[in-house]
Amino acid sequence: MRIGIIGAGALGGTFAALLDRAGHDVVVTARGAQLDAIRDGGLRLDGGYGDVLARVRAAEVLPAAPDLALLAVKAQDAQAAAAQNAAALDGVPVVVVQNGLEGPQALAAALPTSPRIGAASMIAASFLSPGVVTVTAPGVTVLAAATATVAQRDAAAAVLGSVVEVRTAPDLAGLQWSKLVVNQLNAAPAITGTPLQEALGSRALTTAIAAAMRETIRVARADGVRLEGLPALPPALIRAIDRLPLPIASGVLRRGVTARMGPVPNPGSTLQSLRRGRPTEIDHLSGAVVAAGARLGVPTPVNRRIVELVHGVEATGAFLPAVEAARALRA
């Protein structure tokens, strides 16, 4: 199958390498040093799915229409990337692998004829140097239809499911909000500059992150969203974070995250952006919770402080020790 992947970063690069290894005809879009590295030496994947050297074609925009496309850029870049590739994507099913609450719903104007499918991926992957992606922990990718039919969603799931574990969900909003709860974990590495496992070694910081998750859960419910849950966020954990005293909930959270992530340091996607000198997605993560909370009258003070602190790191490059970060988040 001809597969186009827009954005060959951490997740886009992971899917590109694995689909190429499975025999598909893969073309990726990239820019700058990443584009040069893939053209010169291929795309290298290592870690949880084994070592792969994928000699995929790479260009700034898709040169022709694929049979299936994945859009795997940061939330703030999705509109521009979709518009740049709109000619090649006319009528093509597009899987939008994106954090936040906009996703495929926001691409109606750019991709009016493309059946759109939302995806939330639990694959933990790092893209810190051009041409190289490291999978720190394999995970499940969940698909939910936006404008695509169930048959189109299931067809995309079958293709991607041939190389990674894939499940489907009936409700896109529930899937997106569930992933947004998980994405609160990104704040700890982004503010401290340390891998997630190390950052969560601080009980105080873990408690602050559990509080941010609790805010997210409560905003989602106030918006009438039924949280679908994810393999990394089963319903029992959602209930624990929402109802248990925060110190107890944070202990449950830390044990669950540590068991899933294993020992390989996981920087999280927000810290990866900071290390590459790129704008983060924080306005589409905690910022989305703050905006929805303001609309619905649900307080979100921890999420608001996360946005402020991450923007502070973007501006200054100065990280905070875990104890100081926890104090700032719960002030």
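Here's what I pulled together on the structure shown here. Being a predicted model, the structure only gives us computed values, none of them experimental.

1. A look at the pairing of strand E8 (residues 116-121)
For E8, the tally of buried residues reaches six of six residues, placing the bulk of the element in the interior. Burial along E8 is two-sided: the face carrying Arg116, Gly118 and Ala120 and the face carrying Ile117, Ala119 and Ser121 are both buried. Across four bridges, the pairing between strand E7 (residues 94-97) and E8 is parallel. Residue pairing for E8: Val97 is matched across the bridge by Ala119. Sheet topology note: the E8/strand E11 (residues 141-145) ladder contains five bridges and is antiparallel. In the strand pairing of E11, Ser121 is matched with Thr141.

2. Structural notes on the nonpolar core
The biggest cluster of nonpolar side chains holds 60 residues, and the ones touching the most others in it are Trp177, Leu185, Leu233, Leu253, Ile306 and Leu329. With ten residues, helix H9 (residues 203-222) is the single largest residue contributor to this core. Ignoring sequence-local partners within four residues, the contact set of Leu185 consists of Leu196, Leu200, Ile209, Met213, Leu253 and Val257. The next biggest cluster of nonpolar side chains, apart from the first, holds 41 residues, and it includes Val56, Val133, Val135 and Val164.

3. A closer look at the side chain of Arg116
Position of Arg116 relative to the elements: it lies in strand E8. Arg116 has contacts with Val94, Pro104, Leu107, Ala108, Leu111, Ala145, Ala146, Thr147 and Ala148, leaving out every residue within four places of it along the chain.

4. Comments concerning helix H13 (residues 286-296)
The complete set of buried residues in H13 reads Ser286, Gly287, Ala288, Val289, Val290, Ala292 and Gly293. Looking at the residues trailing H13, positive phi occurs at Gly297, about 75°.

Quick notes on the rules
- Residues numbered from 1 in each chain as written.
- Predicted model: local features only at pLDDT ≥ 70, side-chain atom pairs only at ≥ 80, totals over all residues.
- Heavy atoms only, no water.
- Buried < 20%, exposed > 50% of the residue type's maximum accessible area, 1.4 Å probe, protein only.
- Helix = DSSP H or I, 4+ residues; strand = E, 2+ residues; numbered from the N terminus.
- Pairing = 2+ DSSP bridges.
- Core = buried A, V, L, I, M, F, W, Y, C linked by side-chain atoms within 4.5 Å.
- Contact = heavy atoms within 4.5 Å.

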